[in-house]
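# Per-entry structural report
Residue strings, one per chain:
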Amino acid sequence: MTPQVSVILPVYNAQSYLRESIDSILTQSFKDFELIIINDGSTDASLEIIASYTDERITLINQENAGLPISLNRAIRVAKGQYLARQDADDVSLPHRLTEQVAYLNV
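Summary of the structure given here. Keep in mind it's a predicted model, so treat the numbers as computed, not measured.

## Considering the overall build of the protein chain
Regarding its fold elements, the protein chain presents 4 helices and 4 strands. Its helices and strands in sequence order give the protein chain the pattern β-α-β-α-β-α-β-α, from N to C terminus. Rg of the C-alpha trace for the protein chain: 13 Å, near the compact-globule value of 13 Å for 107 residues, within the 12% margin. Taken along its principal axes, the extent of the C-alpha atoms in the protein chain is 40 × 25 × 20 Å.

Quick look at the structure:
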């Protein structure tokens, strides 16, 4: 089934914040989304943190460091959602973020 929202989360050496950022997306009140995480050649424990998740909504793209623009464009190419949402690895989303954004866009 095609998700309504594709959340794109680029990661580069973000182990200190990453788990909180991912959890804030996975616990959204809006459930019809995919989470595309792009590990852009992290040299810290970011990849291990991402790999510890088993949620089927997560798609992991692991690549050598290519920079933010290339990483975002790669994620956009694989995104299946009607809408794109962007989150940085050090961002935390409030629980109703996607619900509110989708409601606004669907007006």
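## Some details on the nonpolar core
The biggest cluster of nonpolar side chains holds 22 residues, and the ones touching the most others in it are Val5, Ile22 and Leu35. Among the secondary structure elements, those contributing two or more residues to this core are strand E1 (5-11), helix H1 (18-26), strand E2 (33-40), helix H2 (46-51), strand E4 (83-86) and helix H4 (97-105). The contacts of Ile22, once residues within four sequence positions are left out, are Leu9, Leu35, Ile37, Ile50 and Tyr53. In this structure, Ile8, Ile36, Ile38 and Leu72 belong to the second largest nonpolar core, which totals 6 residues.

## Brief notes about the side chain of Ser6
Tracing the sequence through the fold places Ser6 in strand E1. For Ser6, the side chain forms a polar contact with the main-chain nitrogen of Lys80, separated by 3.3 Å.

## A closer look at the pairing of strand E3 (residues 58-63)
Both E2 and E3 contribute to a ladder of 6 bridges, which runs parallel. Bridge pairing in E3 places Asn39 opposite Asn62. In terms of handedness, the path from E2 via H2 over to E3 forms a crossover that is right-handed.

## A short note on H1
For H1, every residue scored as buried is listed here: Leu18, Ser21, Ile22, Ser24, Ile25 and Leu26. Along its buried surface, H1 packs onto E1, E2, H2, E3 and H4.

## Description of the pairing of E2
Burial within E2 is extensive, with 8 of its 8 residues counted as buried. A two-sided burial pattern is seen for E2, the buried positions comprising Phe33, Leu35, Ile37 and Asn39 on one face and Glu34, Ile36, Ile38 and Asp40 on the other. As paired elements, E1 and E2 share 7 bridges and run parallel to each other. Along E2, the bridge assignment pairs Ile8 with Ile36. In this region the chain leaves E1, passes through H1 and returns to the parallel neighbour E2; the handedness of that crossover is right-handed.

## Notes on H4
Residues Arg97, Leu98 and Val102 constitute the buried set of H4. Buried residues of H4 fall within an arc of 115° about the axis and therefore sit on the same side. Of the exposed residues in H4, those oriented more than 90 degrees away from the buried face are Glu100 and Tyr104. Those residues of H4 that are buried are in contact with E1, H1, E2 and E4.

Rules and cut-offs
- Residues numbered from 1 in each chain as written.
- Predicted model: local features only at pLDDT ≥ 70, side-chain atom pairs only at ≥ 80, totals over all residues.
- Heavy atoms only, no water.
- Helix = DSSP H or I, 4+ residues; strand = E, 2+ residues; numbered from the N terminus.
- Rg over C-alpha atoms; globule rule 2.2 N^0.38 Å.
- Core = buried A, V, L, I, M, F, W, Y, C linked by side-chain atoms within 4.5 Å.
- Buried < 20%, exposed > 50% of the residue type's maximum accessible area, 1.4 Å probe, protein only.
- Contact = heavy atoms within 4.5 Å.
- Polar contact = N/O pair within 3.5 Å; in protein donor to acceptor, adjacent residues only side chain to side chain.
- Pairing = 2+ DSSP bridges.
- Right-handed = clockwise from strand over helix to strand, strands pointing away.
- Arc of directions from axis to C-beta.

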